[in-house]
Amino acid sequence: MKSRWSDKKLRAFVDRYAPKYGEALAIRAYSSQLLGSDPELVLHGGGNTSVKEPFENILKESIPAVHVKGSGWDMATTGPEGFVPLDLGKLLSLERLDSLDDTAMFGQFALAKLLPVSFNPSIEALAHAWIGKKYVDHTHANAILTLTNRVDGVSVVQEALGEDVVVRPYLHPGFALSKDLSEAVKDHPRARGVVLLKHGLFTFADDPKISYETHIELVDRAETYIRKKSSRTFFDLSTASSPPPFVSDLIPFVRGLLAEKTDTPDRPYRPVVLSLIRDQELLKIISHPEARKFVGGPVLTADFLIRTKPWIAFVEDPDVKNLDRLKEQIRETVQAFIGRYTDYHERGIRRTGRSHPMFNPAPRILALPGLGVFCSGPTLKEARITADLARVTLKVKSRIAAMNGTYKGIDEDELFEMEYWAPQLAKLSKKRGALAGKIAVVTGAAGAIGSAICRRLLEEGCCVAGTDLPGERLEALREELSAEFGDHYGSGHGCHRRGERAKGV
Ligand SMILES: [Zn+2]
């Protein structure tokens, strides 16, 4: 991994944002986006950044502040408007406490906000406040997780990254993690970064470029170490080949199995949408003879859980020559997963005394060696996020296996804690349309009635494949609906044969 810092691009950010937000925040937005736009560093909301810079209030008084990236803001695209200014003095005084539960912590965030924005700062805001450097950068970089998510994580991180990096155990994000991190930085004043096991990397400096480039340098060291330690022949044993032609026949069957059952008689299930991964790299990973050993363990980081569930369902030795037998194998795997998940939920409820109803217990990720990885979600967008996270999870697990390492994820108690944790649940509370998860094919889509039907279905959250005779009208409709509804609309004359779009939805 190489630094992508460009003074020219930075100047463009400063020209654009500094007049309204000041130079420090303009620079903050620039290096945040540098980190956030690299999928090896940040995926779908993982990671956060901050800058300490005085905030000028309406009376023109200057208040010491830390500006922390807002929860739910995407680091790849967030400008200064996605950072919450918080009263630094208030947050610093909280370090005197021995503990603070999540509800109270969010209450303190609300009291510390210097602007009446509706969003919360990142859950790791206290860590940002308490690290005594102007710029703080935090990601859940894939290469770092490849080092930390193994039984010997501490020694491997130290060997790969060197003595100027502090390694800390996994802790529940929030107050406990922030306190531990802040103490680690104080105890090691020469440390250039802190690695949190099964979580990620923090770097910090008064100079934004140094903080960013230290981050990149440490991730690069991790990547180099992984390359050096990996067996080059690990994937040569692959049995991967072109998937059998009946993969598309499996899609409706798998959708049916993964749908959420409900108690409502007139709507006995909530459908899911699938996103299918079938590229050669991932096929090789899941088809490797050792895949059964490393695929099924817990996911990489806690923030994946609401999208991926704790584990990946893995169909062992699928009979790719016999569709009926294969369907039976998939059904058995899904049922076993549902049983395991139901037990896990029951144990979690008993242990914590919480009463949160169980999410759909069916797997979100189903890996079939030789065939592909089926990733599900209540909407196409969510299914694709799950697919991105599945891809990273499987890659990291396979890299650890290629280094002859033994994967170790987060413990079950914490998996449950995080999956049913209020700040995470808040990310899922977005409204979905009444037809979310449904897929419709509209024939004669380019006509007046057809196009109105497409639009109405899309407005209710349905995925729509529109077909009609080829021509300008169909093309114009595609442009119009794709611009408004993105990938939820696909059209063509025979798109069901031609492309991934109809198959993938
Ligand atoms: Zn984090």
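Quick caveat: nothing in here was measured; it's all calculated off a predicted structure.

**Some details on the environment of Arg16**
- Along the chain, Arg16 falls in helix α1 (residues 7-21).
- Accessibility expressed as a relative area gives 62% for Arg16, which makes it exposed.
- Spatially, the C-alpha atom of Arg16 lies 7.9 Å from that of Ala26, the residues being 10 residues apart in sequence.

**Focus on the sheet that holds strand β14 (residues 365-368)**
- Spatially, the 4 strands line up as an open sheet ordered β12-β15-β14-β13, and their pairing is mixed. Each edge of the open sheet carries a strand with a single partner, namely β12 (273-277) and β13 (313-314).
- Pairing of β13 with β14 involves 2 bridges; the strand directions are parallel. The residue of β14 that forms the bridge with Ala313 is Leu366.
- Sitting on the sheet, helix α10 (residues 247-258) touches β12, β14 and β15 (372-377), and the angle it makes with β12 is about 135°.

**Digging into a positive patch on the surface**
- A cluster of basic side chains, namely Arg4, Lys8, Lys9 and Arg11, defines a positive patch on the protein surface.
- As for its placement among the helices and strands, Arg4 is situated in the segment before α1.
- Overall, the relative accessible area of 41% leaves Arg4 in the partly exposed class.

**Topic: helix α7 (residues 153-161)**
- Residues of α7 that are buried include every one of Gly153, Val156, Val157, Ala160 and Leu161, and no others. One side of α7 carries all its buried residues, which in axial view fall inside an arc of 105°.
- Residues of α7 that are buried make contact with α6 (142-148), β7 (165-168), β8 (193-196) and α9 (208-229).
- Note on α7: the residue one or two positions beyond its end, Gly162, has a positive phi of about 100°.

**Concerning the packing of helix α14 (residues 323-352) against helix α16 (residues 412-419)**
- Put simply, α14 and α16 touch, their axes get as near as 10 Å, and they point 85° apart. When the interaxial angle is binned, α14 and α16 end up roughly perpendicular. Of the residues in α16, those touching α14 at Tyr341, Tyr344, His345, Arg347, Gly348, Ile349, Arg351 and Thr352 are Glu412, Asp413, Leu415, Phe416, Glu417 and Glu419.

**Observations concerning the coordination of the zinc ion**
- In this structure, Glu124 (OE), His138 (NE2), His140 (NE2) and His199 (NE2) serve as the protein donors to the zinc ion, at separations of 2.1 to 2.5 Å.
- Around the zinc ion, the 4 donor atoms sit at angles spanning 79 to 159°, and that spread fits a shape best called irregular.
- Expressed as a motif, the donor residue spacing for the zinc ion is E-x13-H-x1-H-x58-H. Here Glu124, found in the loop between α4 (102-112) and α5 (125-130), pairs with His138, found in strand β6 (residues 135-139); they are 14 residues apart in sequence, far enough to count as distant.

**Looking at the domain arrangement of the chain**
- Along its sequence, the chain is organised into domain 1 (7-229), domain 2 (247-423) and domain 3 (439-504).
- The C-alpha-based centres of domain 1 and domain 3 are spaced at 42 Å.

**Considerations on the pairing of β15**
- Within β15, 6 of the 6 residues are buried, which leaves the element mostly enclosed by the surrounding structure.
- The side-chain alternation of β15 yields two buried faces, one formed by Gly372, Phe374 and Ser376 and the other by Val373, Cys375 and Gly377.
- Alignment of β12 against β15, held across 5 bridges, turns out to be antiparallel. Opposite Ser275, over in β15, you have Cys375 as the bridge partner.
- Note: β14 against β15, 4 bridges, orientation antiparallel. Looking across to β15, one finds that Leu366 is bridged to Phe374.

**Notes on the sheet that holds β7**
- Within the open sheet, the 7 strands sit side by side as β5-β4-β1-β6-β9-β8-β7. Their pairing is mixed. The two strands at the open ends of the sheet, each matched to only one other strand, are β5 (83-87) and β7. Neighbouring strand axes in the sheet, compared pairwise and without regard to direction, differ in orientation by 20° on average.
- Bridging between β6 and strand β9 (residues 200-205) involves 5 bridges; their strand directions are antiparallel. Paired with Asp137 across the strands is Thr203, a residue of β9.

**Observations regarding the confidence of the model for the chain**
- Summarising the model, the chain shows a mean pLDDT of 90, and 93% of its residues fall at 70 or more.
- Within the model, pLDDT remains below 50 along residues 494-505, and this stretch shows 23 contacts once partners closer than five positions in the same chain are excluded.

**Overview of the nonpolar core**
- Judged by nonpolar contacts, the single largest core of 64 residues is most densely connected at Leu91, Val254, Ile330, Leu366 and Phe374.
- The leading source of residues in this core is α10, at 7 residues.
- Both domains that furnish three or more residues to this core are identified here as domain 1 (7-229) and domain 2 (247-423).
- Residues contacting Leu366, with those up to four places away along its chain left out, are Val254, Ala313, Val315, Ile330, Thr333, Val334, Gly372, Val373 and Phe374.
- Grouped together as the second largest cluster of nonpolar side chains are 42 residues, Tyr135, Val156, Ala160 and Tyr225 included.

About the thresholds
Residues numbered from 1 in each chain as written. Predicted model: local features only at pLDDT ≥ 70, side-chain atom pairs only at ≥ 80, totals over all residues. Heavy atoms only, no water. Helix = DSSP H or I, 4+ residues; strand = E, 2+ residues; numbered from the N terminus. Buried < 20%, exposed > 50% of the residue type's maximum accessible area, 1.4 Å probe, protein only. Pairing = 2+ DSSP bridges. Contact = heavy atoms within 4.5 Å. Axes fitted to C-alpha atoms, helices over the stretch in contact; angles between N-to-C directions. Patch = residues over 30% accessible without salt bridge, like charges linked within 9 Å, V, L, I, M, F, W, Y side chains within 5 Å. Areas by Shrake-Rupley, 256 points an atom, 1.4 Å probe, with all protein chains shown as cover. Salt bridge = Lys/Arg side-chain N within 4 Å of Asp/Glu carboxyl O. Lys, Arg positive; Asp, Glu negative; His and termini not counted. Charge placed at Lys NZ, Arg CZ, Asp CG, Glu CD. Arc of directions from axis to C-beta. Parallel < 35°, antiparallel > 145°, perpendicular 65-115°, else oblique. Donors = N, O, S within 2.8 Å, 3.2 Å for Na, K, Ca; no water. Tetrahedral: all angles 85-135°; square planar, octahedral: opposite > 155°, others 65-115°. Domains from an automatic or database assignment. pLDDT = per-residue confidence, 0-100. Core = buried A, V, L, I, M, F, W, Y, C linked by side-chain atoms within 4.5 Å.

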